[in-house]
Amino acid sequence: VAISTTDSYNNGTMRAIFGNDDAVKAINENNALDWPKGTILAKVQRDQKIDENGNINTGKFNQVEYLIKDKTKYADAKGWGWARFKTLDLVPDGKNASFTKKCIRCHLPVKDEDYVFTFPINIVLS
């Protein structure tokens, strides 16, 4: 389920963030600062494409990133499994699990938000 969107002016990209059922349940229960075990978040990043009228749309696919919550399994990685796949060929970022150090460094500013930058939209699903 789409749970949020973001853009990045510094590199001209747009992102759509998706969450599994566990993520949606956590959002609906106002528990997005301590995501439960089983939460999966996916962020799809695309280039911004601006038409002649100034409308901004999504362009070329760049990458997809995943966060998978399991405090026990990923205890050494702040409770999250991290993954990034680049290009439409879904090339993994990094050659081994040590790439997560780069992910964690980037996410340190939001450690009080359970290392997640995304502020979910209010989702009400029946």
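Just above, that's the structure.
A short tour of the structure in this document, coming up. (Residues numbered from 1 in each chain as written. Predicted model: local features only at pLDDT ≥ 70, side-chain atom pairs only at ≥ 80, totals over all residues. Heavy atoms only, no water.)

So, on to the overall build of the chain. Across its full length, the chain holds two helices and six strands. The secondary structure elements of the chain, listed N-terminal to C-terminal, are β-β-α-β-β-β-β-α. At 15 Å, the chain has a C-alpha radius of gyration in line with the 14 Å of a compact globule built from 126 residues. Here the chain holds 126 residues, and the buried ones make up 37% of them. Expressed as a percentage of contacts within the chain between residues at least 6 apart in sequence, the contacts between residues at least 24 apart total 45%. About 8200 Å² of surface is accessible on the chain, with carbon and sulfur atoms providing 53% of the total. Across the chain, the mean location of the 18 positive side-chain charges is 7 Å away from that of the 16 negative side-chain charges. (Helix = DSSP H or I, 4+ residues; strand = E, 2+ residues; numbered from the N terminus. Rg over C-alpha atoms; globule rule 2.2 N^0.38 Å. Buried < 20%, exposed > 50% of the residue type's maximum accessible area, 1.4 Å probe, protein only. Contact = heavy atoms within 4.5 Å. Areas by Shrake-Rupley, 256 points an atom, 1.4 Å probe, with all protein chains shown as cover. Lys, Arg positive; Asp, Glu negative; His and termini not counted. Charge placed at Lys NZ, Arg CZ, Asp CG, Glu CD.)

Spacing of three or four residues puts side chains on the same side of an α-helix, whose turn is 3.6 residues. Considered for burial, the residues of helix 2 (residues 100–107) that qualify are T100, C103, I104 and H107. Looking straight down helix 2, one finds that the buried residues subtend no more than 95 degrees of arc, so they occupy a single side. Along helix 2, the residues that are exposed and aim more than 90 degrees away from the buried face are K101 and R105. Against the buried residues of helix 2 lie strand 5 (80–86). (Arc of directions from axis to C-beta.)

Glancing now at the nonpolar core. By size, the foremost hydrophobic cluster in this structure holds 18 residues, and its most contacted members are I3, W35, L41, L67, W80, W82 and V116. At the level of secondary structure, the elements contributing two or more residues to this core comprise helix 1 (21–28), strand 5 and helix 2. No other element matches the four residues that helix 1 contributes to this core. With sequence-adjacent residues up to four places away left out, V116 is seen in contact with W35, L41, L67, W80, H107 and V110. (Core = buried A, V, L, I, M, F, W, Y, C linked by side-chain atoms within 4.5 Å.)

Fair warning: the whole summary comes from geometry, so function is off the table for now.
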